[in-house]
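If you want the building blocks of each chain, they are given just below.
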Amino acid sequence: MLGNDLTDKAKGDAAPNTDPAGSSDARLRALAAQRIAIEGVSIEIDGGRFPAKAVAGQPTVIGADIFSDGHDSLGAAIAWRRAGAEDSHEAPMTFVENDRWTATVVFPENGPYDCTILAWRDLFTTWHKEVTKKLAAGQRITLELEEGRRLLQDGLDKGHAPAEARATIVGVLAADAAHAEATGDGAAVDAARFARIGDPAVLALMQRFGPRTNLTEYKTLTLFVDRKAAAFSAWYELMPRSQSGDANRHGTFDDVIARLPYVRDLGFDVLYFPPIHPIGKTNRKGRNNSLTAQEGEPGSPYAIGSEAGGHDAIHPELGSLNDFRRLIAAARDHGLEIALDFAIQCSPDHPWIRDHPEWFDWRPDGTIKFAENPPKKYEDIVNVHFYRGALPGLWYALRDVVLFWVDQGVRIFRVDNPHTKPFPFWEWMIAEVREKDPGVIFLAEAFTRPKVMKRLAKVGFSQSYSYFTWRNEKQEITDYLTELTQEECREYMRPNFFVNTPDINPRFLQTSGRPGFRTRLVLAATLGGNYGVYNGFEICEAAAVPGKEEYLDSEKYEIRAWDMDRPGNIQDDIRLMNRLRQTHPALQGFTNVKFYNAWNDKVLSYGKQTGNDFVLVHVNLDPHATQVFEFEVPLWEWDLPDEASVEVRDLIHGNSFTWHGKTQWLELEPHTRPYAIWQLFAPGVPR
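Residues numbered from 1 in each chain as written. Predicted model: local features only at pLDDT ≥ 70, side-chain atom pairs only at ≥ 80, totals over all residues. Heavy atoms only, no water.

So the rule is basically this: UniProt positions are given in the numbering used here, feature names are shortened, and annotations may be inferred rather than shown by experiment.
If you check an unreviewed UniProt entry, the protein chain appears there as Alpha-1,4-glucan:maltose-1-phosphate maltosyltransferase from Paracoccus lichenicola. Within the UniProt record for the protein chain, the comment given under Sequence similarities (unreviewed entry) is "Belongs to the glycosyl hydrolase 13 family. GlgE subfamily." One UniProt comment on the protein chain, placed under Subunit (unreviewed entry), says "Homodimer."

Written out as structure tokens, the structure is:
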């Protein structure tokens, strides 16, 4: 078990075998030992097959249903330790309601942990409750006091109290014996003795250190503790080759270094690049996904591999490996982490095809099979396969690609289409990388079936793309966020709310104008712990291929020059959102969101609270019309009556005032103020 030898001692000595036949004695005793029922453990994923997730240094609430026969009081605790460590720790669990118990644990470091639940019958607390009732009813408790003395003595003999606590109990027993001998018998004497033996301080010591009768231990569960960036991050995506400011000149890593102050000024902490590797020439794509490239067109960065190298090489026009290392260092100086795209597909020119043909699929005529997904055509790439002759060589090669970039200083990877690769590969590969650096973060870019997305999170992905990009109406947003934050997936799946990507130009943004961009930004930044934008979002770029969710003149196929300061940009909104996220602990959580009443189907009202920090948000979901509405101030969160008042700060404009009563009204005009963000102060909380 996880507990130390002190908890083992609390089990007491076993009674002698009394089974005449002896055939069922072992089974009987094993079953009898597990007297306490422990069920519904919140961090148990698929029966313990997969680890739940937590964040180092942040409170993690762990819950379980704990109950037993009869009416005895119970005690419970979480026992936990770093995987492989000798010493274990305990966090006491507290009864909530309906046999539900919870404990809050702060895991100190990034890495894997072993956890279990301990529960036991607390005989001293049971005695204390019964005697309190008898004394209040005027009943004599002389015999009960003797039982209490014996329980205290049992605590000395079988408990695990430290010296100071033992000294306190010894003193109580001695004082009680002297008092009883000196004053004799009587109700007043009983009350005085109980005041000493049942003193709250003594009760607290026995609850903490007393014997654990019928100690029951749940199975050991694994929990992976990430660093904070896995649960709280703001991503900005750009194409390095489009950073020169001139569509006729290929950008370099030095051009990206020059852009770092801009990205940091917007408040982002992760700068993400699509693939930076050599691009093949065979079947290279042209502008707007044309099947034929013209001379000088750069091709898709997802067609990885050429005579210049493969997944562990850099596209020559971007610079050298030393240039990339300089970029990593410069980004770090600006408070930014670089995230790389891990896209496993290969150009037909990739060196692996020559060196490891057994890793690929070949047609009967000897040609290689392209990565087509009818009606989409991907003749510029081919896929590896993971079994047959590719196992295990390809698995090791892909792991080593990731470890190569980890050695260069990259600790965040966005993984392209992980749902088209085997789950066992990801489980193995992520575990292998974490053996070297447990702080490496993997984002699963998988817009696919819900159960597949959740399985990827279970096998180890730190973050997950989600359906947020297509959730636009009030009810569907509420339903989806309720699923993500309240159902079991909250224990292992962390969404990253990207508002757009190079592959996805959402229809909502194509038709909403600037108000829609501001709305989607606020939703992503305040609902999500993790969120991201692809460059162009800040200038409300929405030109689309007719009838498709694809960008016209996409820089996946050509070099673009961007003017991010053009009129109508929403840079100030982005700066505000990222500043509020950094300064308000409530906005750094994800599962703490609650939805509140706003009597308008076009307005979403929700709040987040962490400690004394409470943030309330209203968003107009209609980018074309002003919404006037009444809403509820959630006074009940502080047990306040409907007519109470709360102090409020407008986090957009900075002014403060008071809301009197539960019902208020507001107007949100899409072109001037499509959202409102408030900080609420409970009575007694200083502003």
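Anyway, onward from the coordinates.
1. Details of the overall build of the protein chain
Put simply, the rule reads: The helix and strand labels rest on DSSP assignments: H or I over at least four residues marks a helix, E over at least two residues marks a strand, and numbering proceeds from the N terminus. We call a residue buried when its accessible area falls under 20% of the maximum for its residue type, exposed when it is over 50%, and partly exposed in between, using a 1.4 Å probe and counting protein chains only. To be clear on the numbers: accessible area is Shrake-Rupley with a 1.4 Å probe, and residue cover counts the displayed protein chains and nothing else. Note that His is not counted, nor are the chain ends; the positive residues are Lys and Arg, and the negative ones are Asp and Glu. Taken as the charge centre is NZ of Lys, CZ of Arg, CG of Asp or CD of Glu, depending on the residue.
For the protein chain, the count of helices and strands is 16 helices and 26 strands. When its C-alpha atoms are laid out on the principal axes, the protein chain stretches across 105 × 70 × 40 Å. Across the 687 residues in the protein chain, those meeting the buried criterion constitute 54%. Carbon and sulfur atoms provide 50% of the accessible area of the protein chain, an area that totals close to 29700 Å². Here the protein chain contributes 76 positive and 96 negative side-chain charges, whose respective centroids are spaced 1 Å apart.

2. Considering the pattern of salt bridges
Applied cut-off: By salt bridge we mean one thing: a side-chain nitrogen of Lys or Arg within 4 Å of a carboxyl oxygen of Asp or Glu.
This structure, assessed with the given rule, holds 44 salt bridges. Across the pair Arg-287 and Asp-553 runs a salt bridge, and its minimum N-O distance is 3.0 Å. Note that Arg-287 is positioned in the loop between β12 (270–273) and α9 (321–333) and Asp-553 in the loop between β18 (530–534) and α16 (571–583), a separation of 266 residues in sequence. Arg-287 gets classed as partly exposed once you look at its relative accessible area, which sits at 42%. Members of the salt-bridge network, linked through shared partners, are Asp-341, Arg-414, Asp-416 and Glu-445.

3. Things to note about the sheet that holds strand β20 (residues 603–610)
Our working definition: Strands pair, by our definition, only if DSSP identifies at least two bridges between them. The angle between two axes is taken between their N-to-C directions and runs from 0 to 180 degrees, where each axis is a line fitted to C-alpha atoms and a helix contributes only its stretch in contact. A contact between two residues is defined here by any heavy atoms of the two lying within 4.5 Å.
Pairing within the open sheet is antiparallel, and its six strands lie in the order β19-β20-β21-β26-β23-β24. Two strands lie at the open edges of the sheet, namely β19 (593–595) and β24 (656–660), each paired on one side alone. For this sheet, the mean inter-axis angle between neighbouring strands, taken without regard to orientation, is 30°. Helix-sheet contacts for helix α14 (residues 474–486) involve β19 and β20, and the interaxial angle to β19 is about 145°.

4. Quick notes on the pairing of strand β4 (residues 74–82)
The buried count for β4 comes to seven of nine residues, which makes it a mostly enclosed element. Note that β4 and strand β8 (residues 111–121) share nine bridges and pair antiparallel. Bridging from a neighbouring strand, Gly-75 pairs with Trp-120 of β8. In terms of strand pairing, β4 meets strand β5 (residues 89–92) through four bridges, oriented antiparallel. The partner of Ile-78 across the bridge, within β5, is Ala-91. Taken together, β4 and the strand that follows it, β5, pair antiparallel across an intervening segment of six residues, in which Gly-84 is found at a positive phi of about 90°.

5. Some points on helix α12 (residues 423–436)
The condition that has to hold: A helix is expected to span 1.5 Å multiplied by its residue count minus one. As used here, the arc is the angular range of directions from the helix axis to the C-beta atoms.
Here α12 is 14 residues long and its end C-alpha atoms lie 21 Å apart, about the 20 Å a rise of 1.5 Å per residue gives. Along α12, the positions that sit buried rather than exposed are Phe-425, Trp-426, Met-429, Ile-430, Val-433 and Arg-434. The buried residues of α12 occupy one face: seen down the axis, they fall within an arc of 150°. Check the buried side of α12 and you find it contacts β10 (221–226), β13 (337–342), α11 (393–407), β14 (412–416), β15 (441–445) and α13 (450–459).

6. Structural notes on the pairing of β13
Definition in use: Here is how to tell: hold the view so the strands point away, follow the path from the first strand over the helix to the second, and if it runs clockwise the crossover is right-handed.
Burial analysis of β13 places five of its six residues in the buried class, which makes it a mostly covered element. The sheet contact formed by β12 and β13 spans four bridges and is parallel. Bridge pairing links Phe-273 to Leu-340 in β13. In terms of handedness, the path from β12 via α9 over to β13 forms a crossover that is right-handed.

7. Here's the deal with the UniProt feature "binding site: alpha-maltose 1-phosphate" (unreviewed entry) in the protein chain
UniProt records the feature "binding site: alpha-maltose 1-phosphate" (unreviewed entry) for Lys-285, Gln-345, Asp-380, Asn-417, Lys-556 and Tyr-557 in the present numbering. Examined against the element boundaries, Lys-285 turns out to sit in the loop between β12 and α9. Overall, Lys-285 belongs to the buried group, its relative accessible area being 2%. Residue position: Asp-380 is located in the loop between α10 (351–355) and α11. The contact partners of Asp-380, leaving out residues within four places of it in the chain, are Thr-282, Asn-283, Arg-284, Lys-285, Ser-300, Ala-303, Cys-346, Ser-347 and Pro-348.

8. Let's talk about the environment of Ala-195
By secondary structure assignment, the location of Ala-195 is in helix α6 (residues 187–197). Residue classification places Ala-195 among the partly exposed residues on the basis of a relative accessible area of 48%. Residues Ala-195 and His-277, spaced 82 residues apart in sequence, show a C-alpha to C-alpha distance of 76 Å.

9. What to know about the domain arrangement of the protein chain
Here is the rule: Domain delimitation follows an automatic or database domain assignment.
Domain annotation for the protein chain reports domain 1 (32–121 + 219–225), domain 2 (123–217), domain 3 (227–342 + 409–587) and domain 4 (593–681). Its C-alpha centre places domain 2 at a distance of 52 Å from the equivalent point of domain 4.

10. Some details on α9
Within an α-helix, residues lying three or four positions from one another point in the same direction, as the helix has 3.6 residues per turn. What counts here: The definition of a polar contact used here is a pair of N or O atoms within 3.5 Å, where within protein one atom must be able to donate a hydrogen and the other to accept one, and adjacent residues in sequence count solely through side-chain atom pairs.
Taking 1.5 Å per residue, 13 residues should reach 18 Å; α9 reaches 19 Å between its end C-alpha atoms and fits that length. Those residues of α9 that fall on the buried side of the exposure criterion are Phe-324, Leu-327, Ile-328, Ala-330 and Ala-331. The N-capping residue of α9, defined by a side-chain oxygen 3.4 Å from the backbone nitrogen of Asn-322, is Ser-320. In the segment just after α9, Gly-335 is the residue with positive phi, at about 75°.

11. Remarks on the sheet that holds strand β16 (residues 463–464)
One open sheet holds the eight strands; their spatial order is β16-β15-β14-β13-β12-β11-β18-β17, and the pairing between them is parallel. Each having just a single partner strand, β16 and β17 (496–498) make up the two edges of the open sheet. The pairing of strand β11 (residues 233–237) with β18 spans five bridges and is classified as parallel. Bridge pairing in β18 places Glu-237 opposite Tyr-534.

12. Re unusual backbone geometry
For the bond running from Leu-391 to Pro-392, omega is 10°, close enough to zero to count as cis. As for its position among the elements, Pro-392 is in the loop between α10 and α11. Residue Asn-289 is not a glycine yet carries a positive backbone phi of 65°. By the secondary structure assignment, Asn-289 is in the loop between β12 and α9. Not every positive phi belongs to a glycine, and Cys-540 is a case in point at roughly 60°.

13. Points about the UniProt feature "site: Transition state stabilizer" (unreviewed entry) in the protein chain
Per the UniProt entry, the sites bearing "site: Transition state stabilizer" (unreviewed entry) are Asp-503 in this numbering. Turning to its location among the elements, Asp-503 is positioned in the loop between β17 and α15 (507–527). Exposure remark for Asp-503: the relative accessible area of 29% places this residue in the partly exposed category. The residues touching Asp-503, leaving out its near neighbours within four places in the chain, are Arg-414, Glu-549 and Lys-556.

14. Observations concerning the packing of aromatic side chains
Quick reminder of the rule: Here the aromatic set is Phe, Tyr and Trp, taking the six-membered ring for Trp, and pairing holds for ring centres within 6.5 Å; pairs whose planes are under 30 degrees apart are stacked, those over 60 apart are edge-to-face, and all others are tilted.
Under the definition given, this model contains 43 aromatic pairs. Ring centres of Tyr-387 and Trp-395 lie 6.0 Å apart, and the angle between their planes is 80°; this geometry places the pair in the edge-to-face category. Assessed through its relative accessible area of 39%, Tyr-387 is described here as partly exposed. Given the relative accessible area of 10%, Trp-395 is considered buried. Considering the side-chain rings of Phe-657 and Trp-678, the 5.9 Å spacing of their centres and the 85° angle between planes classify their relative orientation as edge-to-face. You can see Phe-657 sitting in strand β24 and its partner Trp-678 sitting in strand β26 (residues 675–681), a full 21 residues away along the chain. The exposure class assigned to Phe-657 is partly exposed, which follows from its relative accessible area of 25%.

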